[in-house]
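Coordinates in review
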Amino acid sequence: MKKTLAAIAIGMTAFAVVSGTAAAAPKNTSVILIDEANFAGDAVAEGLAGKGCQNVSQDNMATSLQVNGGPITLWSDRNCKGEKLVVTGDVANLADFQFDNKTSSIFMG
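The notes below deal with the structure included here. Remember, it's a predicted structure, so these values are computed and weren't measured experimentally.

Turning our eyes to something else, we now look at the state of the cysteines. All told, the structure shown has 1 disulfide when counted by the stated rule. There is a disulfide in this structure between Cys 53 and Cys 80, and the S-S distance comes to 2.2 Å. Taking the sign of the S-S torsion, 110° for the link of Cys 53 and Cys 80, the bridge is right-handed. Of this pair, Cys 53 sits in strand S3 (residues 52–55) while Cys 80 sits in the loop between strand S5 (72–77) and strand S6 (81–87); the two residues are 27 residues apart in sequence, bridging distant segments of the chain. Judged by its relative accessible area of 14%, Cys 80 falls in the buried class.

Across the sheet, which stays open at both edges, the 3 strands sit in the order S2-S1-S4 with antiparallel pairing between neighbours. Edge positions in the sheet fall to strand S2 (45–49) and strand S4 (64–68), since each of these pairs with one other strand and no more. Direction aside, the axes of adjacent strands within the sheet are offset by 15° on average. Direction of pairing for strand S1 (residues 30–34) relative to S2: antiparallel, over a ladder of 5 bridges. Bridging from a neighbouring strand, Leu 33 pairs with Glu 46 of S2.

Another aspect to go through is the pattern of salt bridges. In the structure shown here, the tally under the stated rule is 1 salt bridge. Linking Glu 83 and Lys 102 is a salt bridge whose minimum nitrogen-to-oxygen distance equals 3.0 Å. Taken as a pair, Glu 83 in strand S6 and Lys 102 in the loop between S6 and strand S7 (105–108) lie far apart in primary sequence, 19 residues in all. Since its relative accessible area comes to 46%, Glu 83 is described here as partly exposed.

Among the nonpolar cores identified, the biggest contains 17 residues, and Val 31, Leu 33, Leu 65, Leu 74 and Ile 106 are the most heavily contacted of them. Listing elements by their share of this core, those giving two or more residues are S1, S4, S5, S6 and S7. The residues contacting Leu 65, other than those within four sequence positions of it, are Val 31, Ile 32, Leu 33, Phe 39, Leu 74, Val 87, Gly 89, Asp 90, Val 91 and Leu 94. With 5 residues, the next largest nonpolar core counts Ile 32, Ile 34, Ala 43 and Ala 45 among its residues.

With respect to the secondary-structure elements, Phe 107 resides in strand S7. The spacing of Phe 107 and Leu 74 is 33 residues in sequence and 6.6 Å in space, taken between C-alpha atoms. In this structure, Phe 107 is in contact with Gly 52, Cys 53, Ile 72, Thr 73, Trp 75 and Cys 80, ignoring residues within four places of it in sequence.

So, about the sheet that holds S3. Read across the open sheet, the 4 strands follow the order S3-S7-S5-S6; overall the sheet is antiparallel. The strands lining the two open edges of the sheet, one partner per strand, are S3 and S6. Mean inter-strand twist for the sheet, computed between neighbouring axes without regard to direction, equals 25°. The sheet contact formed by S5 and S7 spans 4 bridges and is antiparallel.

Basis of the calculations
- Residues numbered from 1 in each chain as written.
- Predicted model: local features only at pLDDT ≥ 70, side-chain atom pairs only at ≥ 80, totals over all residues.
- Heavy atoms only, no water.
- Disulfide = S-S within 2.5 Å.
- Helix = DSSP H or I, 4+ residues; strand = E, 2+ residues; numbered from the N terminus.
- Buried < 20%, exposed > 50% of the residue type's maximum accessible area, 1.4 Å probe, protein only.
- Pairing = 2+ DSSP bridges.
- Axes fitted to C-alpha atoms, helices over the stretch in contact; angles between N-to-C directions.
- Salt bridge = Lys/Arg side-chain N within 4 Å of Asp/Glu carboxyl O.
- Core = buried A, V, L, I, M, F, W, Y, C linked by side-chain atoms within 4.5 Å.
- Contact = heavy atoms within 4.5 Å.

See the structure below:
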């Protein structure tokens, strides 16, 4: 199931290219936001990659997420403002942290 979600996210998002060797690549590089709990099968997904603050294109959609690296910070408002939640790994249900359908931007790196 994780391979399916990754394929959906790759089809929707242009991922950043980091120059240099693999050792120079930043640890926290990508996240997949999913609109259903437990990384559900036919869910809508959005992938983000890179460093710094990024606004999501599907505002207030995320219910679960998969992190490649970490930690990342989720923000309730655009431009990394508002309430925040620091995430260090995959989260099956953001409702457990009172952050379901709240993510408007993400800070990575």
